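# A closer look at the structure
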Amino acid sequence: MALVEGEYEFQCDECDGDGSVQVLHGMLDEATDTPDLRWETCEDCHGQGKVWVDEQDAAEKILYGHTPTRTPAGE
């Protein structure tokens, strides 16, 4: 998939690039506090494991230490 001018690709922060997240759906057993955890598709990246952001959002992510996996120049 080609990037649009000014678009950057990053690994999804929410699912760490996996495409799915574990979600708490309540408790299986209240007596033992056993949680009912289920795997669901990550809403941030729609299960793709990557997010595409514009230059402004990319600058903020880079500022906080994230490295883009692809840049508009294809680097």
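Placed above this text is the structure.
This section reports on the structure supplied with the text. Quick caveat: nothing in here was measured; it's all calculated off a predicted structure. (Residues numbered from 1 in each chain as written. Predicted model: local features only at pLDDT ≥ 70, side-chain atom pairs only at ≥ 80, totals over all residues. Heavy atoms only, no water.)

### A few points about the overall build of the chain
What counts here: In this description a helix means any DSSP run of H or I spanning at least four residues, a strand means any run of E spanning at least two, and both kinds are numbered starting from the N terminus. C-alpha atoms define the radius of gyration in this analysis, and the globule rule sets the expected value at 2.2 Å times the number of residues to the power 0.38. Any residue under 20% of the maximum accessible area for its type is buried, any over 50% is exposed, and the rest in between are partly exposed; the area is computed with a 1.4 Å probe on protein chains only.
The secondary structure content of the chain amounts to one helix and four strands. Ordered by position in the sequence, the α and β elements of the chain form the string β-β-β-β-α. The globule rule puts the C-alpha radius of gyration for 75 residues at 11 Å, and the 17 Å found for the chain is more than 25% above it. By principal-axis analysis of the C-alpha atoms, the chain measures approximately 55 × 25 × 15 Å. The buried share of the chain, taken over its 75 residues, is 25%.

### What about the environment of P35?
Note the threshold: Pairs of residues are marked as contacts when any of their non-hydrogen atoms sit within 4.5 Å.
Positionally, P35 belongs in strand β3 (residues 34-41). Judged by its relative accessible area of 35%, P35 is partly exposed. For the pair P35 and L24, spaced 11 residues apart in the sequence, the C-alpha separation amounts to 6.8 Å. In this view, P35 contacts L24, G26, M27 and L28; residues no more than four positions away in its chain are not counted.

### Things to note about the environment of Q11
By the secondary structure assignment, Q11 is in strand β1 (residues 8-11). Taking the C-alpha atoms as reference, Q11 lies 9.0 Å from C45; in sequence the two are 34 residues apart.

### Topic: unusual backbone geometry
For D16, which is not glycine, the phi torsion reads 55° and is therefore positive. Inspection of the secondary structure puts D16 in the loop between β1 and β2 (20-29). Looking at D16, the relative accessible area reads 59%, which means it is exposed. For H46, which is not glycine, the phi torsion reads 55° and is therefore positive.

### Examining the pairing of β2
Inclusion rule: Two strands are counted as paired when DSSP detects at least two bridges linking them.
In the sheet, β2 pairs with β3 via seven bridges, with the strands oriented antiparallel. Looking across to β3, one finds that M27 is bridged to P35.

### Observations concerning helix α1 (residues 55-63)
So the rule is basically this: In protein, a polar contact requires one atom able to donate a hydrogen and another able to accept it; more generally it is a pair of N or O atoms within 3.5 Å, and residues adjacent in sequence count only if both atoms are side-chain atoms.
The N-cap of α1, judged by a side-chain oxygen 3.2 Å from the amide nitrogen of Q56 a few residues on, is D54. Two residues or fewer after α1 comes G65, characterised by a positive phi angle close to 95°.

### Quick word on a nonpolar patch on the surface
Definition in use: Distance thresholds for patches are 9 Å for like charges and 5 Å for nonpolar side chains (Val, Leu, Ile, Met, Phe, Trp, Tyr), applied to residues having over 30% relative accessible area and no salt bridge. Shrake-Rupley sampling with a 1.4 Å probe provides the accessible areas, and residues are treated as covered by the protein chains on show and by no other component. Between Lys or Arg on one side and Asp or Glu on the other, a salt bridge is scored when a side-chain nitrogen of the former is within 4 Å of a carboxyl oxygen of the latter.
On the surface, a nonpolar cluster with roughly 260 Å² of combined accessible area is contributed by L24, M27 and L37. Inspection of the secondary structure puts L24 in strand β2. Overall, L24 belongs to the exposed group, its relative accessible area being 53%.

### Here we look at a negative patch on the surface
Filter applied, for reference: His residues and chain termini do not enter the charge count, which takes Lys and Arg as positive and Asp and Glu as negative. Here the site of a charge means atom NZ of a Lys, CZ of an Arg, CG of an Asp or CD of a Glu.
A cluster of acidic residues, E14, D16, D18, E40, E43 and D44, forms a negative patch at the surface. With respect to the helices, strands and loops of the structure, E40 is situated in strand β3. Taking the relative accessible area as the measure of exposure, E40 reaches 31% and is therefore partly exposed.

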